Amino acid sequence: MQQGLTETMAVPRLSAAARRRQLREKVIAGFITLMAFTGIAALLLIIIFVAKEALALFLEPEARHEAGLSKMFLPQVARQGRPATFTWQPVSNIPKVSMIPLFIGTLKTTAVSMLVAVPVGVFGALYAAEFAPRRLRELLKPVIELLAGIPSVVLGFFALMVMATFLQETLGLNTRLNAVVAGLGLALAIVPVIFTVAEDSLTAVPRSYREASLALGATPWETAWKVVLPAAAPGILAACVLGFGRAIGETMIILMASGNAAIVSADFGDSVRSLSATIAAEMGEVVVGSPHYSILFFIGVQLFVFTFILNMLASTWTKKVIKRLTGSAS
Amino acid sequence: MKYASRRAVGLALTTLTGLAAFLMVGMLALILLDVFVNGAGHVTWTFLSQPPSDGMMGGGIFPAIIGTAMLTLLMTVAVMPVGVLTAVYLHEYAAPDSRLARWVRVAVVNLAGVPSIVFGLFGLGFFILFVGRGMDRVLGHEELYWAQPGILWASLTLAVLTLPVVIVSTEEALRAVPMDHRTASLALGATQSQTLGRVVLPGALPGILTGAVLAISRGAGEVAPILFTGAAYFLPDLPSRLNSQFMHLGYHTYVLATQSPDVEATRPLLYATVLVLLLLTFALNLVAVIIRTRTRRKAAGAH
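Predicted, not measured: the structure shown is a model, and the values here were computed from it.

Trainee: Got a minute to help me understand the overall build of chain B in this structure?
Mentor: Scanning chain B from N- to C-terminus turns up ten helices and two strands. Ordering the α and β elements of chain B from the N terminus gives α-α-β-β-α-α-α-α-α-α-α-α. Projected onto the principal axes, the alpha-carbon positions of chain B cover approximately 75 × 65 × 35 Å. Here chain B, with 303 residues, has 51% of them falling under the buried criterion. Counted over contacts in chain B with a minimum sequence separation of 6, partners at least 24 positions apart contribute 74%. Accessible surface computed for chain B: about 13,900 Å², of which carbon and sulfur atoms make up 67%. Positive and negative charge centroids in chain B, built from 19 and 14 side chains respectively, lie 18 Å apart.

And the structure:
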């Protein structure tokens, strides 16, 4: 019955050439769709193959004995009779693999960089979006792009060669390379990120908001501070979160300027060792497949997970600000 | 609040935010000035054309320049087709609210935020230990041939890292091609792929080139991903095979800055290397900016 119906409908017969063309179109569309999977595949492969090398820590009894979760995160007694401590010393007779000094190091450098980069980046963006004359603003953006284009190894070099000496002389720090130097070097790398995203969300605020505020008698700064800034708040928060993610993952600057000593202390003038720099510094000399090797990959998994969460938060907030502004403006 | 004090607060806020902006510009100027003043005198033809000598305390950076160029060339060849076609899918083929397109976008956003050192781990775990070992087994190499750090693996790692840059800028370029061009082409009886190949992609070419240049400038400066996927401390010879290790400007900078036996002696070399690296990335960024502004002007003139 069904079949008979389609037969009587007499679909226009396509010529052989047309059918070939149709087939070719389908093949091309299919190929392009297949290529689009590459990004997803890359992300999945990254997590699979970084996690795979870390998996030994949880599966092999030998590795679990040497570097189990409790050894990584709880205080350990290194020698009998001594108090338990957090020590990162993976290459010694008794490997000590506490990750706490690395967390502290990462947090210290990140804290310094955020303390500097957030106000500078956000205020700079506010200046560019609200106060700067148009000429200056059009100059400011490419300059920041230029700053963003500096390779991190150059920033690390600058922190190591110039900032370290200057800061030691002015602040009177004990060590030349420390959390402050590394954090300030790091700030140079994340300021452009924060500036760009914050500036984007500030300029996304519709003109009508500003006009309404000015019409009500508010001064330009009141408009900028009390109307535009709050309207762009989710986007600014996203900018800060994105900068935070970059700061946690950035490697070369910290590797070069932090001193690379895994010290547990509250003093920002001490040398530190971060999670990312530890991978960079130790992966070259490690025995493939050893517990130490697996730990370095496990650090990689942690970095991936941290930044993944931060990125998802940031992109949700950026979407939110766009939705809120365009939704209420139209 | 009185009007006078409102104005005073306004002036203070403007000054404060202006200072923040000035601080960023000032830091950039300071870095450039420092590198130029200390480096410019040492960038000579011999420096650019000789390999390092005297245990890195003399000679030049020729192998590092060539290594960086070869690395980024291989990377570009690998990333451009994939990146451009992914963007083509997102903008030309996918339905606006398609689930796959949404997943691709999420993946791209996250790929852009993965720390560069994690890409290095991925390159080691996937390309060298998985693909390389597999190739050695299949091709019957007795000793390690593919399963070791080399320029191919390093450039593929960088290709994955720069994929988001290419996708995002290509999509922007596709968006700039007016819809009329597509509908006109389709109305003349061209198929979708003919429209794509003869109308859309040529129209988007400048934007796609911008993306390529940006990817190159980003890839050329990254050091963390190549630390254990192929960069070498010192090699007098240029890489001759796809599995050779190579010297790299950024890695060379790192080595000179942190592992030099005599800091004062290597200082001029170090500054000169940094200057070359900076000039290279700035030149690339400048090219990208020029292409972009020229196409924008052209697009503005056409309408």
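Resuming the write-up.
Trainee: Explanation requested: the overall build of chain A in the structure shown.
Mentor: Scanning chain A from terminus to terminus reveals 15 helices and two strands. For a compact globule of 330 residues, the expected C-alpha radius of gyration is about 20 Å, and chain A comes in at 27 Å, more than 25% above that figure. For the C-alpha atoms alone, the extent of chain A along its principal axes is close to 95 × 65 × 30 Å. A burial count over chain A gives 49% of its 330 residues as buried. As displayed, chain A offers around 15,900 Å² of accessible surface, 66% of which is attributable to carbon and sulfur atoms. Both charge centroids of chain A, one from 27 positive and one from 19 negative side chains, sit 8 Å from each other.

Trainee: For this particular structure, what's the right way to read the pattern of salt bridges?
Mentor: Where side chains of opposite charge bring their charged atoms close, a pairing between them can arise. Residues and elements named next belong to chain A. Tallying each qualifying case throughout the model produces eleven salt bridges over all chains. Here Arg134 ties to Glu138 by a salt bridge, and the two come within 4.0 Å at their closest N and O atoms. Here Glu138 and Arg134 lie together in helix α7 (residues 134-149), a separation of four residues that amounts to about one turn. The two residues Arg134 and Glu138 agree in class, both being exposed. Each of Arg137, Lys141 and Glu199 takes part in one network of salt bridges that share partners.

Trainee: I tried to follow empty space enclosed by the protein on my own but got confused; where do I start?
Mentor: A complete count under the given rule lists three cavities of 30 Å³ or more for this structure. If you add up the space inside the second largest cavity, you get close to 50 Å³. Val241, Leu242, Gly245, Arg246, Thr307, Leu310 and Asn311 of chain A together with Gly113 of chain B together form the lining of the second largest cavity. With four residues, helix α12 (residues 233-249) of chain A is the single largest residue contributor to the lining of the second largest cavity.

Trainee: Even after reading the chapter, I still don't get helix α11 (residues 220-231) of chain A, so can you show me in this structure?
Mentor: Given 3.6 residues to a turn, an α-helix orients residues that are three or four positions apart in the same direction. In this model, α11 of chain A (twelve residues) spans 15 Å end to end at C-alpha, consistent with the 16 Å of a helix rising 1.5 Å per residue. Buried within α11 of chain A are the following residues: Trp221, Glu222, Thr223, Ala224, Val228, Leu229 and Ala231 of chain A.

Trainee: Would you mind showing me how to read a nonpolar patch on the surface here?
Mentor: Residue and element names in this part refer to chain A. On the surface, a nonpolar cluster with roughly 440 Å² of combined accessible area is contributed by Leu55, Phe58, Leu59, Leu69 and Phe73. Its location among the elements puts Leu55 in the loop between α2 (16-54) and α3 (56-59). Judged by relative accessible area, Leu55 falls into the partly exposed class, the value being 42%.

Trainee: What should I look at first to understand the layout of surface pockets in this one?
Mentor: Gaps between atoms show up when a probe of the same size as a water molecule is rolled over them. Space inside the second largest pocket adds up to approximately 370 Å³. What lines the second largest pocket is a set of 16 residues, among which Met163, Leu184 and Leu188 of chain A together with Leu23 and Met27 of chain B lie closest to the centre. Looking at the lining of the second largest pocket, the elements with two or more residues in it are α6 (100-131), α8 (152-171) and α9 (179-203) of chain A together with α1 (3-39) of chain B. Ranked by residue count, the leading element in the lining of the second largest pocket is α8 of chain A, at five residues. When its residues are assigned to classes, the lining of the second largest pocket shows 16 nonpolar, no polar and no charged.

Trainee: Can you walk me through the interface of chain A and chain B in this structure?
Mentor: Many descriptions give the size of an interface as the accessible area lost when the pieces come together. Facing the 77 residues of chain A at the interface are 78 residues of chain B. Together, the buried faces of chain A and chain B total about 6,600 Å²; carbon and sulfur atoms form 82% of this surface. By the criterion of area lost to chain B, the three top residues of chain A are Ile32, Phe157 and Trp221 of chain A, representing 10% of everything that side buries. In this assembly, chain A and chain B are joined by one salt bridge. Applying the counting rule to chain A against chain B returns seven residue pairs in polar contact (both at pLDDT 80 or more). The element that contributes the greatest number of residues to the side of chain A that touches chain B is α2 of chain A, accounting for 22 residues. Residue composition of the side of chain A that touches chain B, grouped by class: 55 nonpolar, 14 polar and eight charged.

Trainee: Looking at this model, I keep getting lost on unusual backbone geometry. Mind explaining?
Mentor: All names here are of chain A. Located in the positive-phi region is Asn260, a residue other than glycine, with phi close to 55 degrees. Within the element layout of this structure, Asn260 appears in the loop between α13 (252-257) and α14 (275-282). Asn260 gets classed as partly exposed once you look at its relative accessible area, which sits at 22%.

Trainee: Help me out: how do you make sense of the packing of helix α3 (residues 62-93) of chain B against helix α6 (residues 151-176) of chain B in this one?
Mentor: What describes two packed helices is the angle between their axes and the distance between those same axes. Residue and element names in this part refer to chain B. Put simply, α3 and α6 touch, their axes get as near as 6 Å, and they point 40 degrees apart. As summarised for this structure, α3 and α6 are arranged oblique, according to the angle between their axes. Here α3 runs over α6; the crossing is right-handed. Residue classes in the contact of α3 with α6 are distributed as 21 nonpolar, seven polar and three charged.

Trainee: Just to check I follow, could you spell out the packing of aromatic side chains for this structure?
Mentor: The final tally for this structure, using the stated rule, is 16 aromatic pairs over all chains. For the pair Trp146 of chain B and Trp153 of chain B, a centre-to-centre distance of 6.1 Å together with 70 degrees between the ring planes defines the contact as edge-to-face. Plain terms: the ring middles of Tyr251 of chain B and Tyr254 of chain B are 6.0 Å apart, the flat faces sit at 40 degrees to each other, and that makes the pair tilted. Of this pair, Tyr251 of chain B and Tyr254 of chain B both sit in helix α9 (residues 249-259), three residues apart, which is roughly one turn of that helix. The class for Tyr254 of chain B is buried, based on a relative accessible area of 9%. Clustering of aromatic rings is evident, with ring pairs tying together Phe49 of chain A together with Phe122, Phe126, Phe127, Phe130, Tyr145, Trp146 and Trp153 of chain B. The cationic tip of Lys108 of chain A hangs over the ring face of Phe268 of chain A; the distance from NZ or CZ to the ring centre is 5.9 Å.

Trainee: What is the right way to read the confidence of the model for chain B from this model?
Mentor: Interpretation of the predicted coordinates at a detailed level should be avoided for regions scoring low in pLDDT. Confidence in the prediction for chain B averages 89 pLDDT; 98% of positions are at 70 or higher. ipTM for the predicted complex: 0.91, alongside a pTM of 0.90.

Trainee: In this structure, what is going on with α9 of chain A? I would like to understand it.
Mentor: Residue and element names in this part refer to chain A. With 25 residues, α9 ought to run about 36 Å at 1.5 Å a step, and its terminal C-alpha atoms sit 35 Å apart, in line with that. For α9, the tally of buried residues reaches 20 of 25 residues, placing the bulk of the element in the interior. The residue sitting at the N-terminus of α9 and contributing the capping side-chain oxygen is Asn178; that oxygen lies 3.0 Å from the backbone nitrogen of Val180.

Trainee: Whenever I open this one, the side chain of Arg273 of chain A confuses me. Can you help?
Mentor: Residue and element names in this part refer to chain A. Structurally, the position occupied by Arg273 is in the loop between α13 and α14. Polar contacts involving the side chain of Arg273 include one to the main-chain carbonyl oxygen of Asn260, which spans 2.7 Å. In this structure the side chain of Arg273 is engaged in a polar contact, spanning 3.4 Å, whose partner is the side chain of Thr278.

Quick notes on the rules
Residues numbered from 1 in each chain as written. Chains lettered and ligands numbered in written order. Predicted model: local features only at pLDDT ≥ 70, side-chain atom pairs only at ≥ 80, totals over all residues. Heavy atoms only, no water. Helix = DSSP H or I, 4+ residues; strand = E, 2+ residues; numbered from the N terminus. Buried < 20%, exposed > 50% of the residue type's maximum accessible area, 1.4 Å probe, protein only. Contact = heavy atoms within 4.5 Å. Areas by Shrake-Rupley, 256 points an atom, 1.4 Å probe, with all protein chains shown as cover. Lys, Arg positive; Asp, Glu negative; His and termini not counted. Charge placed at Lys NZ, Arg CZ, Asp CG, Glu CD. Rg over C-alpha atoms; globule rule 2.2 N^0.38 Å. Salt bridge = Lys/Arg side-chain N within 4 Å of Asp/Glu carboxyl O. 1 Å grid on protein atoms, 1.4 Å probe; cavity = no way out; pocket = protein on both sides within 12 Å on 5 of 7 lines; lining within 4 Å. Points joined across faces, edges and corners; volume = space filled by probe spheres on them. Expected span 1.5 Å × (residues − 1). Patch = residues over 30% accessible without salt bridge, like charges linked within 9 Å, V, L, I, M, F, W, Y side chains within 5 Å. Nonpolar A, V, L, I, M, F, W, Y, C, P; charged D, E, K, R; others polar. Buried area = accessible area lost by both parts, 1.4 Å probe. Polar contact = N/O pair within 3.5 Å; in protein donor to acceptor, adjacent residues only side chain to side chain. Axes fitted to C-alpha atoms, helices over the stretch in contact; angles between N-to-C directions. Parallel < 35°, antiparallel > 145°, perpendicular 65-115°, else oblique. Left-handed = near helix turned anticlockwise from the far one by under 90°. Phe/Tyr/Trp six-rings, centres within 6.5 Å; stacked < 30°, edge-to-face > 60°. Lys NZ or Arg CZ within 6 Å of the ring centre and 35° of its normal. pLDDT = per-residue confidence, 0-100.

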